[in-house]
Amino acid sequence: MATKSEITAKYIIKTVAPIFNKKGYVGTSLSDLTTATGLTKGAIYGNFKNKEELSLEAFNYNVRFVLGMIRERMDAQETSIGKLKALNNFYRDYTKETIHLGGCPILNVGIDANHLNPLLLKRVNYVTQKLEESIAQVIRTGIENGEMKPDINPIKYGRLFFSKLEGAIFMAIIRNNVKYLYEMTDHIDFTINNELKK
């Protein structure tokens, strides 16, 4: 059974997570936090050491939410090829999937934290590394199962897929044009079918 303090902390994180994601660490003010939560400064910082800790927990919340959606779609597939395509299809509509979060937490926080918040930047780096490794592991399994060509480099393709998808998200947002995502995910599907698939 969760304590009152734990319930309050979860409420605060869930409420402020989209605000930090939209406005960034520096751009999010104390009044933004108190207005959104309906709590006083004392009530908020009675549950968290400082703004930095709260922003980190908000980032973790947003990332867990996105990863949960990805995992659900990938787990529904039995083959490695199917899992890669499920991941790619998720990103095809990524802006719609994450609009309520304020956009892509990895992209938003990564750019915002660079040069400003070493703790957050370290966390973003950790998450991106894990995501690249997860894609690489799906490819390794695909090679072991005989679905994919034995001479391909899983680490290289993990990096390529992740960086291409994040780049497409960036362009889709900056240019307000989802064609960047559609065209990149089409390109990745082509790569899966022609470079990876046995």
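Residues numbered from 1 in each chain as written. Predicted model: local features only at pLDDT ≥ 70, side-chain atom pairs only at ≥ 80, totals over all residues. Heavy atoms only, no water.

Caption draft 1: Structural context of the layout of surface pockets. When its volume is computed, the largest pocket comes out at roughly 400 Å³. L67, I70, R71, L131 and S134 are, among the 21 residues lining the largest pocket, the residues nearest its centre. Breaking the lining of the largest pocket down by element, the ones donating at least two residues are helix 4 (51–75), helix 5 (80–92), helix 8 (118–144) and helix 9 (154–174). Residue composition of the lining of the largest pocket, by class: 13 nonpolar, two polar and six charged. Around the second largest pocket sit I106, L107, L121, V124, N125, T128, F162, E166 and G167, which together line it. At the level of secondary structure, the elements contributing two or more residues to the lining of the second largest pocket comprise helix 7 (105–113), helix 8 and helix 9. Among the elements that take part in the lining of the second largest pocket, helix 8 stands out by supplying four residues, more than any other. The class makeup of the residues in the lining of the second largest pocket is five nonpolar, three polar and one charged. (1 Å grid on protein atoms, 1.4 Å probe; cavity = no way out; pocket = protein on both sides within 12 Å on 5 of 7 lines; lining within 4 Å. Points joined across faces, edges and corners; volume = space filled by probe spheres on them. Helix = DSSP H or I, 4+ residues; strand = E, 2+ residues; numbered from the N terminus. Nonpolar A, V, L, I, M, F, W, Y, C, P; charged D, E, K, R; others polar.)

Caption draft 2: Fine view of helix 1 (residues 4–27). When the terminal C-alpha atoms of helix 1 are compared, their 29 Å separation across 24 residues is substantially less than the 34 Å that a helix rising 1.5 Å per residue should span. N21 marks where helix 1 bends most, by close to 75 degrees. Residues of helix 1 that are buried make contact with helix 2 (30–37), helix 3 (41–45), helix 4, helix 7 and helix 8. (Expected span 1.5 Å × (residues − 1). Bend = angle between axes of the 7 residues up to and from the residue. Contact = heavy atoms within 4.5 Å.)

Caption draft 3: Region of the structure containing a nonpolar patch on the surface. Taken together, the side chains of I111, F170, I173 and I174 define a hydrophobic patch exposed on the protein surface, amounting to about 370 Å² of accessible area. In terms of residues, the nonpolar patch owes the most to one element, helix 9, which gives three residues. Here F170 is to be found in helix 9. (Patch = residues over 30% accessible without salt bridge, like charges linked within 9 Å, V, L, I, M, F, W, Y side chains within 5 Å. Areas by Shrake-Rupley, 256 points an atom, 1.4 Å probe, with all protein chains shown as cover. Salt bridge = Lys/Arg side-chain N within 4 Å of Asp/Glu carboxyl O.)

Caption draft 4: Inspection of the side chain of T128 at higher detail. Tracing the chain through its elements places T128 in helix 8. T128 has contacts with I106 and F162, leaving out every residue within four places of it along the chain.

Caption draft 5: Here's a closer look at the packing of helix 5 against helix 8. Look at helix 5 against helix 8: their axes get within 8 Å of each other, and the N-to-C directions meet at 155 degrees. By the angle class used here, helix 5 and helix 8 are roughly antiparallel. Note on element contacts: helix 8 touches helix 5 through I135, V138, I139, T141 and G142, opposite S80, K83, L84 and L87. (Axes fitted to C-alpha atoms, helices over the stretch in contact; angles between N-to-C directions. Parallel < 35°, antiparallel > 145°, perpendicular 65-115°, else oblique.)

Caption draft 6: Structural context of empty space enclosed by the protein. A full pass over the atoms with the stated rule returns two cavities of 30 Å³ or more. Each pocket or cavity is described by its volume, and for the largest cavity that value is around 70 Å³. Secondary-structure elements contributing two or more residues to the lining of the largest cavity are helix 1, helix 4 and helix 7. In terms of residue count, helix 1 provides more of the lining of the largest cavity than any other element does, five residues in total. Grouping the constituent residues of the lining of the largest cavity by class yields seven nonpolar, four polar and one charged. Within this model, the second largest cavity holds a volume of roughly 30 Å³. Lining the second largest cavity, in full, are L84, L87, N88, F161, L165, I188 and I192. In terms of residues, the lining of the second largest cavity owes the most to one element, helix 5, which gives three residues. In the lining of the second largest cavity, the residues fall into six nonpolar, one polar and no charged.

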